[in-house]
Amino acid sequence: MELPEPVLTAATSVLLNDLSCAMLASGPVVDKATVLVSMSGTRRRNAATPLGTRAKHDPSDAAFLGGVRTHALALDSTHYPSQAHLGSAILPALLATAEESGITGSALVSALVAGWETAALVGEAFVSGVMARGLRASAAFGGIGSATSAAVAAGLDTQGIANAIALSVNFSAGLSRTFVDGSDDWSIQLGLSAQAGVRAVQLVRAGFQGAAGTFHDDALPLLWHDDARRGDHVTAAHRLDHELEPDSCVKWRIIDTVYKWYSACNILQAPIALAVGFVPKLAADPASIKEIRCFLNPEDWAYPGICNARPQTLSGALMSAAYCVATTLTHGELDLDLLHQPHNDAQAAHLSERVRIIADPKLPPLAARLEVTLANDRTLSNTLVPTDDTFAFTWGRLSDICADRLKAAGHPPSQFGTLASTVASVTTLQEATPLIAAACL
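Residues numbered from 1 in each chain as written. Predicted model: local features only at pLDDT ≥ 70, side-chain atom pairs only at ≥ 80, totals over all residues. Heavy atoms only, no water.

Visitor: Would you mind going over the nonpolar core in detail, with residue names and values included?
Guide: Within the largest apolar cluster, 79 residues are counted, with the highest numbers of intra-cluster contacts made by Leu-19, Phe-141, Leu-419 and Leu-435. Take this core: its biggest share by element is 13 residues, from helix H5 (residues 105–132). Core analysis: the next-biggest nonpolar cluster, separate from the first, contains 47 residues, Ile-272, Ile-292, Ala-348 and Val-372 among them. (Core = buried A, V, L, I, M, F, W, Y, C linked by side-chain atoms within 4.5 Å. Buried < 20%, exposed > 50% of the residue type's maximum accessible area, 1.4 Å probe, protein only. Helix = DSSP H or I, 4+ residues; strand = E, 2+ residues; numbered from the N terminus.)

Below, the structure is given as structure tokens:
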């Protein structure tokens, strides 16, 4: 089917943002993942290219490294209703498969949308139960999206696509505890989700069949269901059955994609923006701050890692409201290098001890109120309640942001220009190779 123009624009925006993220990827986790994949030594005639590189690897390894790279700086796209970074799971698997199958750019975009819509639909239905049990939504739902897109790109029939989706659930795992402990788990979870999509297609091609009742009420009773919702007899599976009725499929979830200004959790975009606005009023003197109060929606406040007090690693820092606000007020911006080594920033760490994170039921999700009391007892206060346009960037706005990020990282403007023009004309491409090449360093 021909995609509506808003859906096509949303899909190309995901491509632009997340491919630029793969190009920007850096840091210890990227280095370790690159070495790991290189050690596999697998070389095939139809090998795939991990996003942001020029190396050739087995498609599943390419998908893994591509997922790690795309998610590495926490700037990748998000489907907020399902709390999932779907692009980092879908695109690496899709492009690894497309490179092998030789599909057109138009078919690639359709496969991307198919994976996104499937994962977002399942994610919205099951996200409450998943998060209540300490699972990370991106890890739970990303593989479903990557398997759908990879299966479509591989040319599987309807039954084959259904088998790939069902089999991918067997790879769906990942705990949100990683953000509390500051461990490396978060950095590989999207890589594993991307890899799951390629593996699921390989399993189908080998003759494996997935459970037809994967998303029925009795299939996932312990891990994914929300007990409260089950008590109301409005189960996730019932919602899925309704949504999958032909007359009910009227909502395109990829249009709901949100993007980030800063390398931090989506929940912290508003507090960081408010902190940036306070910087000129502090006269570059964070020592004048007596106390900081950051108010968040209760569900945002309760998300693992948000109330981290003294993070010691990147994963702890990019989730810590106290540290992100403190380092922004200290340095005038959210410094990514400092996020990589928060234990070396004594000034921001000291200020973070004066930050209180408070749940406020009057605030909607992704909103924040920041109050900064100075030594003279004067208080600065401001509130940011995102509108539909705050994080849903237009193509032009997103292009400018991505271009600025690559320029700041030392990439020549021509490199982003090539990526942007290739993505903009993706539906005219005869194969995916030019798109992959445009994202290579």
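There's more to say after this.
Visitor: Would you mind going over the side chain of Thr-373 in detail, with residue names and values included?
Guide: On the secondary structure map, Thr-373 appears in strand E5 (residues 368–374). What makes Thr-373 buried here is its relative accessible area of 10%. Side chain to side chain, Thr-373 and Thr-379 meet in a polar contact 3.1 Å long. Those residues in contact with Thr-373 that lie beyond four places of it in its chain are Ile-289, Lys-290, Glu-291, Arg-293, Arg-378 and Thr-379. (Polar contact = N/O pair within 3.5 Å; in protein donor to acceptor, adjacent residues only side chain to side chain. Contact = heavy atoms within 4.5 Å.)

Visitor: Pulling in residues and values, what's your account of the sheet that holds strand E4 (residues 355–359)?
Guide: Consider a sheet: its strands pair through backbone hydrogen bonds, and that pairing is either parallel or antiparallel. What the four strands build is an open sheet, ordered E4-E3-E5-E6; its pairing is mixed. The sheet terminates laterally at E4 and strand E6 (379–384), the two strands that pair on one side only. In this sheet, adjacent strand axes meet at a mean angle of 15 degrees when their direction is disregarded. Bridge count for strand E3 (residues 289–296) against E4 is five bridges, and the pairing is parallel. Bridge pairing links Cys-294 to Ile-357 in E4. Taken strand by strand, helix H12 (residues 269–278) contacts E3, E5 and E6, and its axis lies near 35 degrees from that of E5. (Pairing = 2+ DSSP bridges. Axes fitted to C-alpha atoms, helices over the stretch in contact; angles between N-to-C directions.)

Visitor: Give a description of the packing of helix H4 (residues 86–101) against helix H6 (residues 137–153) that names residues and reports values.
Guide: Viewed as axis vectors pointing N to C, H4 and H6 meet at an angle of 20 degrees, and their least axial separation amounts to 8 Å. Classed by the angle they form, the pair H4 and H6 counts as roughly parallel. Our pair here, H4 against H6, has a crossing hand that is right-handed. Of the residues in H6, those in contact with Leu-86, Ala-89, Ile-90, Ala-93, Leu-94, Thr-97 and Ser-101 of H4 are Phe-141, Gly-142, Gly-145, Ser-146, Ser-149, Ala-150 and Ala-153. Looking at the contact of H4 with H6 residue by residue, the classes come out as eight nonpolar, six polar and no charged. (Parallel < 35°, antiparallel > 145°, perpendicular 65-115°, else oblique. Left-handed = near helix turned anticlockwise from the far one by under 90°. Nonpolar A, V, L, I, M, F, W, Y, C, P; charged D, E, K, R; others polar.)

Visitor: How would you summarise the pairing of E6 if you had to cite specific residues and measurements?
Guide: Alignment of E5 against E6, held across six bridges, turns out to be antiparallel. When the sheet's bridge partners are listed, Arg-369 is paired in E6 with Thr-383. What sits between the antiparallel neighbours E5 and E6 is a turn of four residues, in which Asp-377 has the positive phi angle 70 degrees.

Visitor: Run through the environment of Leu-190, naming residues and quoting values.
Guide: With respect to the helices, strands and loops of the structure, Leu-190 is situated in helix H9 (residues 185–205). On the accessibility criterion, Leu-190 (0% relative accessible area) is buried. Linking Leu-190 and Ser-138, residues 52 residues apart in sequence, is a C-alpha distance of 7.0 Å.

Visitor: Any details on the pattern of salt bridges? Residues and values, ideally.
Guide: A side chain of one charge can pair with a side chain of the opposite charge when the charged atoms of the two come close. By the definition in use, this model includes 14 salt bridges. Taking the shortest distance from any N to any O, the salt bridge between Glu-124 and Lys-251 comes out at 3.9 Å. Here Glu-124 is found in helix H5, whereas its partner Lys-251 is found in the loop between helix H11 (236–243) and strand E2 (257–258), with 127 residues between them in sequence. Its relative accessible area of 14% is what places Glu-124 among the buried residues. Since its relative accessible area comes to 42%, Lys-251 is described here as partly exposed. Among the salt bridges present, the one from Arg-369 reaches Glu-371, with a minimum N-O distance of 3.3 Å. Under the relative-accessibility criterion, Glu-371 is labelled buried at 17%. (Salt bridge = Lys/Arg side-chain N within 4 Å of Asp/Glu carboxyl O.)

Visitor: Explain helix H2 (residues 28–40) residue by residue, including any values.
Guide: If you check H2, its first and last C-alpha atoms are 19 Å apart, about what 13 residues at 1.5 Å a residue would give, namely 18 Å. Considered for burial, the residues of H2 that qualify are Val-29, Val-30, Ala-33 and Val-37. Seen end-on, H2 carries its buried residues on one side only, within an arc spanning 100 degrees. Those residues of H2 that are buried are in contact with helix H3 (59–71) and H9. (Expected span 1.5 Å × (residues − 1). Arc of directions from axis to C-beta.)

The quantities given are spatial measurements derived from coordinates; they are silent on function.
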